[in-house]
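# Architecture and fold: a report
One letter stands for each residue in the lines below.
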Amino acid sequence: MRYHVLNLARDPERLAIFRQNNPECAYFSQRIAVDGKQVDRAGLISQGVMQPDLLYTDGAVGCALSHMSLWMDVMQRQEAATIAEDDAILREDFREIQEKLLADLPDDWELVHWGFNTDAYVTFQLIPGVTPFTGTMYHDLVLSHLPEFRRARVVPRLETLLRCHGTMCYSISPRGAKRLLEQVVPLRPMSVFYPGLGHQKINTGIDDMMADYYGQMNAYVCFPPVVVSLHDVENSTVQTKDMPCEQPVVPLFPEAKTLDEDALVAHSLWRCMSRDGQVVVPRICLLPDGRIGGLPEKLSGCSWHRQDKDLLFKNAQDVPWMRFHLQSGAYKSEGGAETLVPIVDFPLPSPVFPLVRGKKPQRRNLVIVRAGPSSLHPQWLEGLTSEDRTWDLCVSYYGTESEFSSLDGCEYAILQNKERKWPAIAALLGKDSPFWHYDYVMMPDDDLAMTGADINRCFAIMAEYRLELAQPALPANTPRSQYSHDLTLQREGNVLRYTSFVEVMTPLFSREALEDCLPSFGLSRSGWGLDWVWPSILGYPRNRIVIIDSAVAYHTRPVGSDYAGLTPTQDEKQLVALFGAGKELRNYGVVPLG
């Protein structure tokens, strides 16, 4: 058995990290990976290695060629090999476990995956001839317990593999290498059934093509895995560092094609298209109070009006700006240069319903916190009597079931340990949610140190100034690593500042603003981009979005410290594009103390 770790020559730091993470694995020799940036795609196409319509990133092409090169080496040497990628984390007893399990396999084994992407589904034969098993692991928990994983001594076994994704570490025999090469050449567009999703997955990397063939091979998967991967797509050399040969089209809101003319007159959500079919503004929302959501910040203050079946836009000085006529299921501008096409919002996740703890909640405000075992939310309750507290508390817990069962001090509780913050909250606020009677809702991160009195103050200011979106300020002495924008730091002497931005860390919504912004929640697993989108959705009102300087929240962890395995900058880029939002950080004015 030969052992290889794939590593780009231009990235020795990743190899050093692999060695540091896996000090027992000195027997893995470096195999220089193919650099996708240097690949001659035209040459690969002419040689029949790749089809011209394959939309792999440069990194994905390099990854595929690196593995294929090693398979050819295995065939030529007629000697099995174990191949690891340089972000793999191996159990300390990996080689001992590997040798024992391989010794028990039939001689005709072809491939063994020692790990798989733990944020994706794996399928294997649970009871041969009866039923397979499809499941997923708690990826975030794996990443947060890597030292414990490396020291784990849970006895794994090899199961007959049907589907898994990832190529972080596997062993392959000469026969397996031959069969996989026959399967993946030429690299080509295809779709792969993905258990757990209920639909086909588009081929974006060689692991997709491999997954489609496992059921026809003598392939096995180690369960539980003895190798995991950070699967840090944000810093991956496969999917994100290099641009694809053709940019994929970002999906827009679906058109509302079934509305009749009467419904169109009252419809509130539109996409603005140019005469040549280009998207001018992806999402225009006609808000109930006459504001227009979705326009750039420089056009804030514009309003909409109906005149019979015409739609009239006025600028901030109340001067008519654009007029649209209802024609053939859309609004056409005078002159026909722009068309408003009716669209519908993104669907919300399937609704979930929390348990009600203790007496029936009675207050007018709500705090929803995504809490783990180290959550600071119990501190928010200190020093407040039940009578003094103006808000009910809902804990959406992402720890273990046993920890969840011991939660107390909250009006609502629900275990949501397979979701990230914003998709989880979106599910809590779905149709028939018990939360829509609340006037204002706060959604803080669980690492915020706040007093209950400051939370009370935030809700009081929301009501007094009839605000739509707000946040408490961060203390002015907050370390630079623990905030993203100077705008959010406290300015003493103010009650509040009117701004164009509220950070995703601890937003407060009015019921009406929450309803408008909710479709965005499930579109960003990391939360990045949401805080740029919300003011745009609300039309950048200059007296409804604030930072509350008379209340503070201490952020206790570095910004971005819990995004392992996610792609926050990609989330932000896609969300900003989908909603046509800008990145505006503006102070519009202040309300001074006294």
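Analysis parameters
Residues numbered from 1 in each chain as written. Predicted model: local features only at pLDDT ≥ 70, side-chain atom pairs only at ≥ 80, totals over all residues. Heavy atoms only, no water. Helix = DSSP H or I, 4+ residues; strand = E, 2+ residues; numbered from the N terminus. Rg over C-alpha atoms; globule rule 2.2 N^0.38 Å. Buried < 20%, exposed > 50% of the residue type's maximum accessible area, 1.4 Å probe, protein only. Contact = heavy atoms within 4.5 Å. Areas by Shrake-Rupley, 256 points an atom, 1.4 Å probe, with all protein chains shown as cover. Lys, Arg positive; Asp, Glu negative; His and termini not counted. Charge placed at Lys NZ, Arg CZ, Asp CG, Glu CD. Arc of directions from axis to C-beta. Polar contact = N/O pair within 3.5 Å; in protein donor to acceptor, adjacent residues only side chain to side chain. Disulfide = S-S within 2.5 Å. Pairing = 2+ DSSP bridges. Axes fitted to C-alpha atoms, helices over the stretch in contact; angles between N-to-C directions. Core = buried A, V, L, I, M, F, W, Y, C linked by side-chain atoms within 4.5 Å. pLDDT = per-residue confidence, 0-100. Salt bridge = Lys/Arg side-chain N within 4 Å of Asp/Glu carboxyl O.

## Regarding the overall build of the protein chain
Summing up its helical and strand segments, the protein chain has 16 helices and 33 strands in all. At 27 Å, the protein chain has a C-alpha radius of gyration in line with the 25 Å of a compact globule built from 594 residues. With the principal axes as the frame, the protein chain shows a C-alpha extent of 80 × 65 × 50 Å. Burial status across the protein chain gives 54% buried among its 594 residues. Partitioning the intrachain contacts of the protein chain with sequence separation of at least 6 by distance along the chain shows that 74% fall at a separation of at least 24. Of the roughly 26,100 Å² that the protein chain leaves accessible, carbon and sulfur atoms contribute 52%. Of the side chains in the protein chain, 57 bear a positive and 74 a negative charge, and the two mean positions are spaced by 1 Å.

## Notes on helix 1 (residues 12-21)
Within helix 1, the full set of buried residues consists of R14, L15 and F18. One side of helix 1 holds all its buried residues, which, seen down the axis, span an arc of 100 degrees. The inward-facing, buried residues of helix 1 contact strand 1 (2-7), strand 2 (29-32), strand 3 (81-85) and strand 4 (88-90).

## A closer look at the side chain of T499
Its place among the elements puts T499 in strand 29 (residues 494-499). With relative accessibility at 0%, the residue T499 sits in the buried group. At 2.9 Å, the side chain of T499 and the backbone oxygen of F501 are in polar contact. Setting aside residues up to four positions removed in sequence, T499 forms contacts with L487, I545, V546, I547, R586, N587 and Y588.

## Looking at the state of the cysteines
What the rule picks out here adds up to zero disulfides. Residue C458 stays outside any disulfide, its sulfur separated by 18 Å from that of C517, the closest cysteine.

## As for the sheet that holds strand 2
With mixed pairing, the nine strands of this open sheet are ordered in space as 2-1-3-9-5-12-8-6-7. Only two strands of the sheet have a single partner each, and these edge strands are strand 2 and strand 7 (131-135). Averaged over all neighbouring strand pairs, the angle between strand axes comes to 35 degrees, with direction disregarded. As judged from the four bridges shared by strand 8 (residues 157-163) and strand 12 (residues 219-223), these two strands associate in the antiparallel manner. The residue of strand 12 that forms the bridge with R157 is F223.

## A word on the sheet that holds strand 26 (residues 440-442)
Spatially, 10 strands are ordered 22-25-24-23-26-30-28-31-29-33 in an open sheet, and the strand pairing comes out mixed. Each edge of the open sheet is held by one strand with a lone partner, namely strand 22 (355-356) and strand 33 (587-592). By the bridge criterion, two bridges tie strand 29 to strand 31 (residues 545-552) in an arrangement that is antiparallel. Bridging across to strand 31, Y498 finds its partner in V546.

## Looking at helix 7 (residues 174-184)
Buried residues dominate helix 7, accounting for eight of its 11 residues. Residues of helix 7 that are buried include every one of P174, G176, A177, R179, L180, L181, Q183 and V184, and no others. Of the surrounding elements, those touching the buried residues of helix 7 are helix 3 (58-77), strand 5 (111-113), strand 9 (169-172) and helix 8 (206-211).

## Re the side chain of D208
Following the sequence through the fold, D208 ends up in helix 8. Residues within four places of D208 in sequence aside, it is in contact with H165, V192, K201, I202 and N203.

## Things to note about the nonpolar core
Core analysis: the largest hydrophobic core is formed by 42 residues, its most contacted members being M68, W71, L111, I172, L180, L187 and Y214. Those elements that place two or more of their residues in this core are helix 3, strand 3, strand 6 (122-127), strand 9, helix 7, helix 8 and strand 12. Residue contributions to this core peak at eight residues, all from helix 3. Every residue in contact with M68, bar those within four places of it in the chain, is listed here: V49, L181, V184, V185, L187 and I206. Counting 37 residues, the second-largest nonpolar core is a separate cluster that includes A371, W380, A470 and A553.

## Considerations on the environment of F149
Summarising the element assignment, F149 is placed in helix 6 (residues 146-151). Taking the C-alpha atoms as reference points, F149 and R91, separated by 58 residues in sequence, lie 6.6 Å from one another. In this view, F149 contacts I89, L90, R91, P225, V226, V227 and V228; residues no more than four positions away in its chain are not counted.

## With respect to the confidence of the model for the protein chain
Per-residue confidence for the protein chain gives a mean pLDDT of 89, with 92% of residues at or over 70. A low-confidence stretch, residues 238-251 (pLDDT under 50), is modelled with 36 contacts involving residues beyond four sequence positions or located in other chains.

## Brief notes about the pattern of salt bridges
Within this structure, the stated rule accounts for 38 salt bridges. Across the pair E159 and R157 runs a salt bridge whose closest N-O atoms are separated by 2.4 Å. For R157, a relative accessible area of 49% puts it in the partly exposed group. Here D439 ties to R364 by a salt bridge, and the two come within 3.2 Å at their closest N and O atoms. Of the two residues, D439 is situated in the loop between helix 12 (421-428) and strand 26 and R364 in the loop between strand 22 and strand 23 (365-371); the sequence distance between them amounts to 75 residues. A relative accessible area of 25% means that D439 is categorised as partly exposed. Each member of the salt-bridge network shares a partner with another, and the members are E24, R91, E92, D93, R150 and R153.

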